[in-house]
Amino acid sequence: LTVLPDGNVLATGGQTKTDGIDEATGVLPAEMWNPDTNTWTTMASSHRPRLYHSSAVLLPDGRVLLAGGGAYGQAKNEKSGELYSPPYLFNGSRPTITNAPAGATYGSSFNVTTPDAASIRSVNLVSLGADTHQSDMDQHFVPLSFTANSGSLTVQAPAAAALAPPGTYMLFIVDDKGVPSVASTVGMSR
């Protein structure tokens, strides 16, 4: 499962059996979970089955890197990767972050410069990928409050480390068509 910049969750890989070996039982179609509607939708298929020891990691450009699989018993070691482009990348031009701070402290506000301020509907932090054994136990998705100004956004950082542990995050702005920007990297600290 990979949390996306818009808050939806992409499920990739796996199989209809539990042996981690039989590629013929690999699940190729991705599925998207929408937390607002609590619904799953079948999406485009990947090219290769991704079984045991596979990875799926969100990239700063909003695509998801699918890679690996295998290294278990008689499993074939899959030495390939592929890029999955979620549907939001096909909904129009992307909003642009022209400037964002390299870091922010809890409870502070910070400015994000964007020529698209009037069309922005959400600002979200997503933690960097740390994927192993088909899951990323360190995923964080943190929606942030913001105010749109002329040519910029005033964004409210998380109030405390309990909401977003200290570390490096991808900062995405998402427009009214659901299209995310390319992320800026922001460090959260006390």
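For the structure itself, look to the data block above.
Described below are features of the structure shown in this document.

## Looking at the pairing of strand S13 (residues 152-156)
Part 1 of the reasoning: With 5 bridges joining them, strand S9 (residues 109-113) and S13 adopt antiparallel strand pairing. Of the residues in S13, the one forming a bridge with Thr-113 is Ser-152.
Part 2 of the reasoning: Note that strand S12 (residues 146-149) and S13 share 4 bridges and pair antiparallel. For Asn-149, the partnering residue across the bridge sits in S13 and is Ser-152.
Part 3 of the reasoning: Once S12 ends, the chain turns through 2 residues before running back antiparallel as S13, passing Gly-151 with a positive phi of about 85°.

## Things to note about the sheet that holds strand S15 (residues 184-189)
Part 1 of the reasoning: Across the sheet, which stays open at both edges, the 5 strands sit in the order S8-S15-S14-S10-S11 with mixed pairing between neighbours. Because the sheet does not close on itself, it has two edges, and the strands there are strand S8 (103-105) and strand S11 (141-144). Ignoring strand direction, the axes of neighbouring strands in this sheet form an average angle of 35°.

## Quick word on the pattern of salt bridges
Part 1 of the reasoning: Tallying each qualifying case throughout the model produces 5 salt bridges.
Part 2 of the reasoning: Across the salt bridge formed by Glu-82 and Arg-50, the nearest N and O atoms sit 3.1 Å from each other. You can see Glu-82 sitting in strand S7 (residues 81-84) and its partner Arg-50 sitting in the loop between strand S4 (39-45) and strand S5 (54-58), a full 32 residues away along the chain.
Part 3 of the reasoning: Exposure remark for Arg-50: the relative accessible area of 4% places this residue in the buried category.
Part 4 of the reasoning: The salt bridge partner of Lys-177 is Asp-175, with a shortest N-O separation of 3.7 Å.

## With respect to the side chain of Asn-124
Part 1 of the reasoning: Position of Asn-124 among the secondary structure elements: in strand S10 (residues 120-127).
Part 2 of the reasoning: Taking the relative accessible area as the measure of exposure, Asn-124 reaches 2% and is therefore buried.
Part 3 of the reasoning: A distance of 2.9 Å separates the side chain of Asn-124 from the backbone oxygen of Pro-5, its partner in a polar contact.
Part 4 of the reasoning: When sequence neighbours within four positions are dropped, the list of residues in contact with Asn-124 reads Pro-5, Asp-6, Phe-141, Val-142, Pro-143, Leu-144, Met-170, Leu-171, Phe-172 and Val-174.

## Considering the nonpolar core
Part 1 of the reasoning: Counting residues in hydrophobic clusters, the biggest one holds 21 residues, and the most contacted among them are Phe-110, Val-123, Leu-144, Leu-153 and Leu-171.
Part 2 of the reasoning: Among the secondary structure elements, those contributing two or more residues to this core are S9, S10, S11, S13, strand S14 (167-175) and S15.
Part 3 of the reasoning: Ignoring anything within four residues of it in the chain, the contact list for Phe-110 reads Pro-101, Ala-104, Leu-144, Leu-153, Thr-154, Val-155, Ala-157 and Leu-171.
Part 4 of the reasoning: Residues Ala-30, Leu-58, Leu-66 and Leu-89 belong to the second largest nonpolar core, which totals 16 residues.

## Points about the pairing of S5
Part 1 of the reasoning: Burial of S5 is one-sided: the residues Ser-54, Ala-56 and Leu-58 facing one way are buried, the residues Ser-55 and Val-57 facing the other way are not.
Part 2 of the reasoning: Note: S5 against strand S6 (residues 64-68), 5 bridges, orientation antiparallel. Looking at S6, one finds that Ala-56 is bridged to Leu-66.
Part 3 of the reasoning: Hairpin remark: S5 followed by S6, antiparallel, with 5 residues in the connecting loop; positive phi at Gly-62, about 90°.

About the criteria used
- Residues numbered from 1 in each chain as written.
- Predicted model: local features only at pLDDT ≥ 70, side-chain atom pairs only at ≥ 80, totals over all residues.
- Heavy atoms only, no water.
- Pairing = 2+ DSSP bridges.
- Helix = DSSP H or I, 4+ residues; strand = E, 2+ residues; numbered from the N terminus.
- Axes fitted to C-alpha atoms, helices over the stretch in contact; angles between N-to-C directions.
- Salt bridge = Lys/Arg side-chain N within 4 Å of Asp/Glu carboxyl O.
- Buried < 20%, exposed > 50% of the residue type's maximum accessible area, 1.4 Å probe, protein only.
- Polar contact = N/O pair within 3.5 Å; in protein donor to acceptor, adjacent residues only side chain to side chain.
- Contact = heavy atoms within 4.5 Å.
- Core = buried A, V, L, I, M, F, W, Y, C linked by side-chain atoms within 4.5 Å.

Treat this as a map of the structure, not an account of what it does.
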